[in-house]
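So the chains spell out like this:
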Amino acid sequence: MNIAWLFVSILLILCLALLWWNRKLGRDNIALQNAIRQAREQAAQSDSQVELERRMRDTLIETLVDPVFFLDADRNITYCNTAAWQLTHGSAQPGRSLMEAMRSYELDKYVEDTLDGRSDLQHEINVEERLYRVHTGILNSGAAPGAVQGAVLILRDVSDLQRLGRARRDFVANISHELRTPLTTIRLLIDTLRMDGNLDAAQNSRHLDQISTQVDALTQLAQEMYDLSQIESGQMPMRMVKTPLHDLVESVMMRLTPQAERAGTILTNEITADVTALVDPEQISRVISNLLHNAIKFAPGGSVNVFMATKTASPVITEDTGATAEYLTVAVRDTGVGIARTDLPRIFERFYKANRPRGQRGTGLGLAIAKHIVEAHGGSIWVESVEGHGATFYFTVPREG
Ligand code: ADP
């Protein structure tokens, strides 16, 4: 009996132990499954993180306007952006060498030296008449520290910067040149007045007049430079009003009549009273004045006439509507010396002076100012001339109504 009880008790204990073990196993299994699920979720998360980062990097590289090349240690392209593809006219493609894509021994050598750690100097190369500054970054192998895996090459277009730098230097050189002549003349005249005790009153007065002329020239130069900078920086607001062009031309001609009479030049205004433009009258007067002033200067004894022309430079598109705006074309024609073919493309540049009849002064800024004013009205200005056969300047202004 006792043995039977003992047997039953052992069996019961065994059953309970088995039950406990089974439940523990179940719990462990759930914990294990949870851990596996968590690990899977984390892996998926990090995969999408890697994917996200990859897409961010690709977008960033694509957004760059600078050509970007990823190269391996042998300077073969492993990746490049659209800008690089465009620069090389489609030659830059993964698998091709940098030399094949860019066809620049100089650039290839520079990148080779950089990969070998032999060059960290700034470098610039010319590609199709544009100047690029070369930037490189070395990709080191993570597995073997110090081992070079490849490079990133970025080409930055610095042509505009270079052009601006040159324009600034030219500008300073031009100004100092323009200042030097009148200043030297004034210095000489003052020295003569100081040291030559034998000058009579008439000679003294003549010298003072000459000084006065030089000071006027300097004042005009300073004023024109200031105006040009104001117009160029958009700080001279245009006040557009309905303006009859005949009256505007007439008032400028009246002002210049003494100069025309001295030169023996006949001025004619052929614009009819019904032509009305939407312009800043003060500024457009200045354009007409600069053109007439030149015409009188370069056509002594000849004639100058202002009339409405039918030709246009090119259709003028308004910025806000995209529609072709109605523009009027004003022409100023003279019978003077004309302009040489080689000078024609340059006469609207600041300080550019072509032919210069004896004794004629000028700053070389008049046409540059005229161009800026006309462009601020959305119009354009151009010239047609055959050397020895006069010149015709055209400019367009918005029609009123
Ligand atoms: P400037 O003060 O020298 O007249 P502009 O900018 O007005 O400066 O003109 C630039 C150059 O263009 C002049 O030096 C001249 O050589 C040329 N030019 C301008 N207008 C005429 C014209 N009507 N006939 C011949 N040449 C002209």
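Just so you know, these numbers come straight off a predicted model, no measurement behind them.

This brings us to the overall build of the protein. The helix and strand tally for the protein stands at 9 helices and 12 strands. Scaling as 2.2 N^0.38, a compact globule of 401 residues should have a C-alpha radius of gyration of about 21 Å, whereas the protein reaches 40 Å, well beyond that. Once the C-alpha set of the protein is aligned to its principal axes, its extents read approximately 160 × 60 × 45 Å. When each of the 401 residues of the protein is scored for burial, the buried share is 36%. Pairs at least 24 residues apart make up 61% of the contacts formed inside the protein by residues separated by at least 6 positions. Put simply, the protein shows about 25,000 Å² of open surface, and 56% of that area lies on carbon and sulfur atoms. Positive and negative side-chain charges of the protein, numbering 41 and 49 respectively, have mean locations separated by a distance of 4 Å.

At a closest axis distance of 9 Å, the pairing of helix 8 (residues 281-298) and helix 9 (residues 366-376) adopts a crossing angle of 150°. Crossing hand, helix 8 versus helix 9: left-handed. When helix 8 is examined against helix 9, the residues Gln283, Ile284, Arg286, Val287, Asn290, Leu291 and Asn294 are found in contact with a partner set consisting of Gly366, Leu367, Ile369, Ala370, Ile373 and Val374. A class-by-class count of the residues in the contact of helix 8 with helix 9 yields 8 nonpolar, 4 polar and 1 charged.

This part takes up the pattern of salt bridges. Under the definition given, this model contains 18 salt bridges. Note that arginine 37 and glutamate 41 form a salt bridge whose closest N and O atoms lie 3.9 Å from each other. Note that arginine 37 and glutamate 41 are positioned in helix 1 (residues 2-63) at a spacing of 4 residues, about one turn of the helix. Among the residues examined, arginine 37 registers a relative accessible area of 47% and is labelled partly exposed. Taking relative accessible area as the criterion, glutamate 41 reaches 48% and is therefore assigned partly exposed.

Our focus in this paragraph is the sheet that holds strand 12 (residues 391-398). Ordered by their spatial adjacency, 5 strands build an open sheet running 7-9-10-12-11, and the pairing between neighbours is mixed. Of all the strands in the sheet, just strand 7 (266-269) and strand 11 (381-385) have a single pairing partner and so form its edges. Sheet twist, expressed as the mean angle between neighbouring strand axes with direction ignored, is 20°. As judged from the 8 bridges shared by strand 10 (residues 327-334) and strand 12, these two strands associate in the antiparallel manner. Its bridge partner lying in strand 12, arginine 333 is registered against threonine 392. Most of the contacts of helix 7 (residues 245-263) go to strand 7, to which it runs at about 175°, and overall it touches strand 7, strand 9 (303-309), strand 10 and strand 12.

One finds Leu245, Ile284, Leu292, Phe393, Phe395 and Val397 to be the most contacted residues of the largest nonpolar core, which totals 45 residues. Beyond its immediate sequence surroundings of up to four residues, leucine 245 is in contact with Ile271, Val275, Ala277, Met308, Leu328, Val330 and Val397. Counting 21 residues, the second largest nonpolar core, distinct from the first, contains Phe69, Cys80, Val127 and Leu153.

Another aspect to go through is the confidence of the model for the protein. Parts of the prediction with low pLDDT should not have their coordinates interpreted in detail. In this model, the protein carries a mean pLDDT of 87, and residues with pLDDT of at least 70 account for 93%. Across the protein, the element-wise mean pLDDT spans from 83 in helix 1 up to 97 in strand 7. Across residues 315-324, confidence stays below pLDDT 50; counting only partners more than four residues off in sequence or on other chains, it has 11 contacts.

Bringing unusual backbone geometry into the picture now. The phi dihedral of arginine 75 is positive, around 65°, even though this residue is not glycine. Under the relative-accessibility criterion, arginine 75 is labelled buried at 17%. At arginine 103, a position not held by glycine, the phi torsion is positive, near 50°. Within the element layout of this structure, arginine 103 appears in the loop between helix 3 (98-102) and helix 4 (105-115). Take arginine 103: its relative accessible area is 67%, and that puts it in the exposed class.

Examined bridge by bridge, strand 3 (residues 123-127) and strand 4 (residues 130-140) share 5 bridges and lie antiparallel to one another. Its bridge partner being in strand 4, asparagine 126 is matched across the sheet by leucine 131. With antiparallel pairing between neighbouring strands as the criterion, strand 3 and strand 4 make up a hairpin whose turn holds 2 residues, including glutamate 128 at a positive phi of roughly 45°. As paired elements, strand 4 and strand 5 (residues 148-157) share 9 bridges and run antiparallel to each other. The partner of asparagine 140 across the bridge, within strand 5, is valine 148.

What counts and what doesn't
- Residues numbered from 1 in each chain as written.
- Predicted model: local features only at pLDDT ≥ 70, side-chain atom pairs only at ≥ 80, totals over all residues.
- Heavy atoms only, no water.
- Helix = DSSP H or I, 4+ residues; strand = E, 2+ residues; numbered from the N terminus.
- Rg over C-alpha atoms; globule rule 2.2 N^0.38 Å.
- Buried < 20%, exposed > 50% of the residue type's maximum accessible area, 1.4 Å probe, protein only.
- Contact = heavy atoms within 4.5 Å.
- Areas by Shrake-Rupley, 256 points an atom, 1.4 Å probe, with all protein chains shown as cover.
- Lys, Arg positive; Asp, Glu negative; His and termini not counted.
- Charge placed at Lys NZ, Arg CZ, Asp CG, Glu CD.
- Axes fitted to C-alpha atoms, helices over the stretch in contact; angles between N-to-C directions.
- Left-handed = near helix turned anticlockwise from the far one by under 90°.
- Nonpolar A, V, L, I, M, F, W, Y, C, P; charged D, E, K, R; others polar.
- Salt bridge = Lys/Arg side-chain N within 4 Å of Asp/Glu carboxyl O.
- Pairing = 2+ DSSP bridges.
- Core = buried A, V, L, I, M, F, W, Y, C linked by side-chain atoms within 4.5 Å.
- pLDDT = per-residue confidence, 0-100.

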